[in-house]
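Residue-level structural notes
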Amino acid sequence: MAVRALWFSDGTLHLLDQRRLPLRRTVLHLRKVSAVAEAIRNLTVRGAPAIGVAGAYGMALAAREGRHTPASASRLLASTLPTAHDLFVGIETVRSAWAEGNDPLEAADAYRAKIVGECLAIGDAGARLFPDGARVLTHCNAGALATVQWGTALAPLRVVHARGQKLFVWVDETRPVLQGSRLTAWELKEEGIPFSVIADNAAGHFMHTGEVDSVIVGADRIARNGDVANKIGTYEKAVVARENGIPFYVAAPWSTFDAKSPDGSKIPVEERSSSEVESFGGVRSTPPGSSARNPAFDITPAKYVTGFVTPRGVLRAGSIARALERYARPDPAVG
Ligand code: MRU
C-alpha cells in the first residue's frame, strides 16, 4: 500500500499536497510550526487522524525552532480548525511530553505509529461487515490520505479486496471540495478496487433502487453518546440509509472520540468560505451578488449509526462511554 499522506525525516515534515490531487502529486517540505498550521488551515493535509499527526509533528518542529513554548505552539496549532477532535489529541500528546522534558519528536513518532496501528486494526475489525460482492457507499475521503496510512472507512475495504473478495464502492463526489471524486477515487484506483463516482444528489437514488448494500464513513468527532460530526452531507446519507434498511457504519480511531462531549449539540462545526460554493473548478457558478453558506460538517444522531468500527471491534453507541474509559487517552484541555 503505497499511499502515505505525510512523513517526517531530516527535521522536515513532508506533506502530499491534497489540494492538487489527483492531477498533480506534489510534496511540500515544512520546517516551521507556522507552515504546518497554515497547511492544516488550507487543507493541504486533511482528514481528522492525519491532521492530528500533522499537529503532533508541528509541535515537534516548534520545539526545534527554539522560540516557542509548549503552550504557545499548542495554541497556534489548535487555532487552525475547530471540528476534528484528533487535532487536539495529537497536539496535546506532544505538548505534554515536551512540557515534561521528553523528546517531542519521539512523542510525535509514537503518536503517528499509534494512529497507523489503530487504522490497521480498524481494517481487520470491519472486514467482516462486507461479504463477497458487497456494494458499499462512502462519503468524503476517509482513506490513507485522511489518516497517514490505510484509512478508517477505507481500511476494511482494502482488507476485503486484498483477500480477493468481490467489492464495489460508490464514491460520493462530496461538494464543494470534492474529497470523494478527487481523493477517494484516486486511492481506490491506485489500489485497483472497482468504483463509480456519483453526484452527492445521486446517493439516495442508488439506495432506493437497491444498488447499495451498506454505507461506511469516517468521522471528525464522535460524542460519548455516539452522535457523529463528519463531512457535510453525511447526515442525509445516514437518514436515507435508515429509510431504506441499509446498515450505516462509522469507522474511527480512539482519537476521534470526544469523551468530554456528552452529545453532538456542542460540537463546533466549521463554516468555510462561501467562495467554495459559489464557484466550480475555479469558475463562478452563481450570479454575482448571490449569497451562499458553507458548513463543512454536519452532525448525524447516534440513532442512525448501525455500528462504530473501532480498533477493538464493532461497537454499538451504548458501549462507547465504557470503551473510552478503557482504551482512549485522557482528553486534551484544548478543543
Ligand atoms: O474537511 P476534510 O476533508 O478534512 O473532512 C474530512 C472528513 O470529513 C472525513 O470524513 C473525516 O475527517 C474522517 S477521515 C478518516
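What you see is a predicted model; the values in this text were computed from it and never measured. All residue numbers here refer to positions counted from 1 along the written sequence of the relevant chain. Side-chain atom pairs in this predicted model are given and counted only at pLDDT of 80 or more, local residue features only at pLDDT of at least 70, and totals for whole chains, interfaces and linings cover all residues. Only hydrogens and water are set aside when side-chain values are computed; all heavy atoms of the structure are taken into account.

By definition here, a salt bridge exists when the distance from a side-chain nitrogen of Lys or Arg to a carboxyl oxygen of Asp or Glu is within 4 Å. Summed over the entire model, instances satisfying the criterion amount to 15 salt bridges. Salt-bridge contacts for K114 lead to E118; the nearest nitrogen and oxygen are separated by 2.9 Å. Of this pair, K114 and E118 are both found in helix 5 (residues 104–126), four residues apart, which corresponds to roughly one turn of the helix. Accessible area is worked out with a 1.4 Å probe on protein chains only. A residue is then buried under 20% of its type maximum, exposed over 50%, and partly exposed in between. Exposure remark for E118: the relative accessible area of 9% places this residue in the buried category. When salt bridges that share partners are traced, they join D17, R19 and R20 into one network. Numbered from the N terminus, helices here are DSSP runs of H or I no shorter than four residues, and strands are runs of E no shorter than two.

With that settled, consider the layout of surface pockets. If you add up the space inside the largest pocket, you get close to 280 Å³. Buriedness for pockets is judged along seven lines, at least five of which must meet protein on both sides within 12 Å for an open set on the 1 Å grid over protein atoms alone, while cavities are sets there where a 1.4 Å probe fits but cannot get out, and lining residues have an atom within 4 Å of a point. In terms of lining residues, the largest pocket is bounded by R175, P176, V177, L178, R272, E276, S279, F280, G281 and G282. Each residue is assigned to one of three groups, with Ala, Val, Leu, Ile, Met, Phe, Trp, Tyr, Cys and Pro labelled nonpolar, Asp, Glu, Lys and Arg labelled charged, and all others, Gly among them, labelled polar. In terms of residue class, the lining of the largest pocket is built from four nonpolar, three polar and three charged. Grid points are joined across faces, edges and corners, and a volume is the space filled by probe spheres set on the points.

Where each domain starts and ends comes from a domain assignment, either automatic or drawn from a database. In terms of domains, the chain is made up of domain 1 (6–119) and domain 2 (125–327). Residue contacts are counted whenever heavy atoms from the two residues lie within 4.5 Å of one another. The partner domain 2 presents 34 residues to the 29 residues of domain 1 that form the contact. For the pair domain 1 and domain 2, the summed buried surface comes to about 2,600 Å²; carbon and sulfur atoms form 59% of the total. Across the salt bridge formed by E190 and R25, the nearest N and O atoms sit 3.8 Å from each other. Side-chain atoms alone can form a polar contact between residues adjacent in sequence; in general such a contact is a pair of N or O atoms within 3.5 Å, and within protein one must be able to donate a hydrogen while the other accepts it. The interface formed by domain 1 and domain 2 contains 15 residue pairs in polar contact (both at pLDDT 80 or more). For the side of domain 1 that touches domain 2, the elements supplying multiple residues, two or more each, are helix 2 (48–65), helix 4 (85–99) and helix 5. Ranked by the residues each element gives to the side of domain 1 that touches domain 2, the list is headed by helix 5, at six residues. Two parts placed together each lose some accessible area under a 1.4 Å probe, and adding up what both lose gives the buried area.

Interhelical geometry of helix 2 versus helix 4 gives an angle of 25° and a closest axis separation of 6 Å. If you check the angle between helix 2 and helix 4, you find them roughly parallel. The chirality of how helix 2 crosses helix 4 is right-handed. Contacts between helix 2 and helix 4 involve A48, P49, I51, G52, G55, A56, M59, A60, A62 and A63 from the former and D86, L87, G90, I91, V94, R95 and W98 from the latter. Every axis in this analysis is a line fitted to C-alpha atoms, fitted for helices over the stretch in contact. Angles between the N-to-C directions lie between 0 and 180 degrees. Here roughly perpendicular refers to angles of 65 to 115 degrees, roughly parallel to angles under 35, roughly antiparallel to angles over 145, and oblique to all remaining angles. Note on convention: near helix rotated counterclockwise from far helix by under a right angle means a left-handed crossing. Clockwise means right-handed.

Moving on, we get to the site of the ligand. Surrounding the ligand, one finds 17 residues, the nearest of these being R46, Q179, D220, N230 and K231. In the complex, the protein chains occlude 97% of the 410 Å² of accessible area that the ligand would expose alone. Molecules are considered to sit inside a cavity or pocket once more than half of their atoms lie within 2 Å of its grid points. Judged by its atoms lying within 2 Å of the grid points, the ligand is housed in the largest cavity. Going through the elements one at a time, helix 2, helix 6 (144–147) and strand 9 (228–231) are the ones with two or more residues in the shell around the ligand. Partitioning the shell around the ligand into residue classes produces seven nonpolar, seven polar and three charged. If you count residues domain by domain, the shell around the ligand takes at least three from each of domain 1 (6–119) and domain 2 (125–327). A cutoff of 4 Å decides nearness: a residue is near a molecule or strand if any of its heavy atoms lies inside that distance of it. Calculation of accessible area relied on Shrake-Rupley with a 1.4 Å probe; when residues are assessed, cover is drawn exclusively from the protein chains displayed.

So, about the environment of R284. With respect to the helices and strands, R284 occurs in strand 13 (residues 283–284). Those residues in contact with R284 that lie beyond four places of it in its chain are E278, S279, G289 and S290.

Turning our attention to the pairing of strand 7 (residues 214–217). On any regular strand, side chains alternate: one points to one face of the sheet, the next to the other face. Burial along strand 7 is two-sided: the residues S214 and I216 and V215 and V217 are all buried. Paired strands, as defined in this entry, are two strands with at least two bridges between them according to DSSP. Strand direction decides the pairing type here: strand 4 (residues 134–138) and strand 7, joined by two bridges, are parallel. Across the sheet, V136 pairs through a bridge with S214, a residue of strand 7. Examined bridge by bridge, strand 7 and strand 10 (residues 248–251) share three bridges and lie parallel to one another. The partner of I216 across the bridge, within strand 10, is Y249.

Turning to empty space enclosed by the protein, a few remarks are in order. Under the definition given, this model contains two cavities of 30 Å³ or more. Taken as a whole, the largest cavity encloses approximately 290 Å³ of empty space. Lining the largest cavity are 26 residues, and of these R46, G47, A48, D220 and F297 sit closest to its centre. Only helix 2 and strand 9 provide two or more residues apiece to the lining of the largest cavity. The element best represented in the lining of the largest cavity is helix 2, accounting for three residues. In the lining of the largest cavity, the residues fall into 13 nonpolar, eight polar and five charged. Both domain 1 (6–119) and domain 2 (125–327) contribute no fewer than three residues apiece to the lining of the largest cavity. Considered as a void within the structure, the second largest cavity measures approximately 50 Å³ in volume.

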